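Overview (structure and organization)
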Amino acid sequence: MRRLAGVLLASLFVLGSHAAVQGVTFNATLTSIKIVARPGQVFTREFRLTLDPGQQKTRFHSHMQDWWRSEDGKQSFYKDPGTLARSCGTWVALSPVETEVLPGATMIVRLTVSVPADAQPGGFWCVLTVDQLSDPLAAAEGVGVNFLASVSNGLFVYVGDLERAAEITAVEIVNESAVVTVRNDGNTPLAIEGRFEFLTPGATVPTAVINLARNTLLTEPILTGAFSAALPDAATLPSGRYLVRAIIDYGLDHYIGTQKEIDVKRSVPAAGTPD
C-alpha cells in the first residue's frame with residue numbers, strides 16, 4: 001500500500017485496490033501532534049477516527065513510521081521507525097494496535113511517548129499511520145478493485161534547546177512558478193512561509209507579489225527544500241526583466257531574504273500583446 005500525499009498536512013488518502021468503485025469514509029484527527037519535552041518525560045496523546053454511520057464495520061491497524069519528502073516536495077517516503085536519526089517513532093507505544101470500528105463509532109488510538117533520558121536537543125518527528133484492513137470474508141463477485149483507506153498524522157517532539165537556522169540558496173523561475181530553495185542549518189524542523197516580489201528595474205513598488213504557502217523543512221535526510229508558488233497571469237506579470245525578491249519567515253522574530261535579477265519569459269502573451 002502506498003500513500004500519495006504528504007503527511008505534514010495529515011492528509012487523508014484513499015488507496016488500494018472492489019467491484020464497485022467505492023471506499024470506506026470516516027472523519028479523523030487531521031492536526032499534527034506537537035509536544036515540547038525534556039529528556040525522560042512521558043506524554044500521552046490521542047488519535048481519533050469516526051466511521052461514517054452508513055459504512056460497514058471496519059478493522060484498522062495502527063503503526064508508527066518515519067517520513068520525509070524529496071527536495072521538490074513531489075514525493076513522500078515512508079520507512080520503519082528508527083530509520084532516521086531524528087526519528088521519534090521508536091519512542092511511541094500504541095494502544096490498541098488493531099481494532100474493529102462499528103458504523104458511527106469512534107476509534108481512539110492512544111500514543112504513549114517516552115522521551116529517552118539521553119535524548120539530544122532538537123526536533124524529532126515521525127507519523128502515526130492507520131490503515132484499513134481488508135475483510136477476507138467479504139467475497140466479491142468477479143474481478144474488481146478493493147479501495148482501502150490510509151491516514152497518516154504527524155508527530156513532532158521538541159526536546160530542550162532548539163536551534164532555528166536557515167539560509168536561502170537559490171531563487172529561480174521554473175515552468176511558470178517562482179521557486180526558492182532553503183537549507184535548514186538548525187536542529188529542528190522549520191515552518192517555512194513567505195512571499196515573492198517582482199520589481200521592474202528602478203521601481204520601488206512591486207509589479208506583482210505572490211505568497212508562499214506554509215510548509216515544513218526537515219533536517220534530514222534532505223536538509224534543503226524547494227518551495228514554489230505559481231506566477232500570476234501574464235497580464236499581471238508580463239515577460240520582462242525583474243528584480244525578484246524572496247522573503248522567508250521561518251519562525252523567528254526576523255525574516256531572511258535575497259534578491260536576483262531574472263528574465264521572466266511567459267508562455268502566454270499578455271493581453272493586447274501580439275502572438
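To keep things clear, this report deals only with the structure shown in the data block. The residue numbers shown here count from 1 along each chain, following its written sequence. Under the rules for a predicted model, residues below a pLDDT of 70 receive no local features and side-chain atom pairs below 80 are neither given nor counted, while totals for whole chains, interfaces and linings still include all residues. Computation of side-chain values: all heavy atoms of the structure, hydrogens and water removed.

So, the overall build of the chain
The cut-off we apply is this: Helix numbering and strand numbering both begin at the N terminus, where a helix is a DSSP run of H or I of at least 4 residues and a strand a DSSP run of E of at least 2. Residue exposure (1.4 Å probe, protein chains only): buried if accessible area is under 20% of the type maximum, exposed if over 50%, otherwise partly exposed. Per-residue and other accessible areas were derived by the Shrake-Rupley procedure at a 1.4 Å probe size, with only the shown protein chains allowed to occlude residues.
Within the chain one finds zero helices and 18 strands. Looking at the 275 residues of the chain, the share that counts as buried comes to 42%. When the accessible area of the chain is evaluated, it comes to approximately 14,300 Å², of which 49% is carbon and sulfur surface.

Focus on the pairing of strand β5 (residues 58-69)
For clarity, the cut-off: Between any two strands, at least two bridges found by DSSP are needed for them to pair.
In terms of burial, β5 is largely enclosed, as nine of its twelve residues are buried. As paired elements, β5 and strand β8 (residues 98-101) share four bridges and run antiparallel to each other. Bridge pairing in β8 places T58 opposite V101. When β5 meets strand β6 (residues 76-79), the two strands line up antiparallel, connected through four bridges. Residue pairing for β6: W68 is matched across the bridge by F77.

Some words on the nonpolar core
Burial of nonpolar side chains together is a common tendency in soluble globular proteins. Convention followed: Among buried residues, the Ala, Val, Leu, Ile, Met, Phe, Trp, Tyr and Cys ones that are joined through side-chain atoms within 4.5 Å form a nonpolar core. The contact definition used throughout considers only heavy atoms, calling two residues in contact when any of these lie within 4.5 Å.
One finds F26, F47, L49, W91, L155 and V157 to be the most contacted residues of the largest nonpolar core, which totals 32 residues. Broken down by element, the residue count for this core peaks at five residues, all from strand β11 (residues 147-159). Those residues in contact with L49 that sit more than four places away from it in its chain are F26, N27, A28, F60, A105, T106, M107, V130 and V151. Among the nonpolar cores identified, the runner-up in size contains 26 residues, and A166, A208, F227 and Y250 belong to it.

Structural notes on the packing of aromatic side chains
Under the convention used in this document: Aromatic contacts are taken between Phe, Tyr and Trp rings whose centres are within 6.5 Å, Trp giving its six-membered ring; a plane angle under 30 degrees counts as stacked, one over 60 as edge-to-face, and the others as tilted. Charge over a ring is defined by NZ of Lys or CZ of Arg lying within 6 Å of the ring centre and within 35 degrees of the ring normal.
Within the structure shown, the criterion is met by five aromatic pairs. Look at F26 and F60: their rings are 5.7 Å apart centre to centre, the planes differ by 85°, and that puts the pair in the edge-to-face class. Of the two residues, F26 sits in strand β2 (residues 26-28) while F60 sits in strand β5, which places them 34 residues apart along the sequence. Accessibility assignment for this pair places F26 and F60 in one class, buried. Here W68 and F77 contribute two aromatic rings whose centre-to-centre distance is 5.8 Å and whose plane-to-plane angle is 25°, an arrangement assigned as stacked. For W68, a relative accessible area of 12% translates into the label buried. On the basis of relative accessible area, F77 is assigned to the partly exposed category, the value being 27%. Over the ring of F124 we find R86; its NZ or CZ atom is 4.7 Å from the centre of that ring.

Structural notes on the side chain of D249
Where we set the bar: Think of it this way: Lys and Arg go in the positive column, Asp and Glu in the negative one, and His and the chain ends go nowhere. Here, a salt bridge means any Lys or Arg side-chain nitrogen found within 4 Å of an Asp or Glu carboxyl oxygen. Under the rule applied, a polar contact is a pair of N or O atoms within 3.5 Å (in protein, one hydrogen donor and one hydrogen acceptor; residues adjacent in sequence only if both atoms are side-chain atoms).
Position of D249 relative to the elements: it lies in strand β17 (residues 240-249). Although buried, D249 forms no salt bridge, and the nearest oppositely charged side chain, R214, lies 6.4 Å from it. Among the polar contacts listed, one links the side chain of D249 to the backbone nitrogen of G251, at a separation of 3.0 Å. The residues touching D249, leaving out its near neighbours within four places in the chain, are A191, I192, E193, G194 and Y255.

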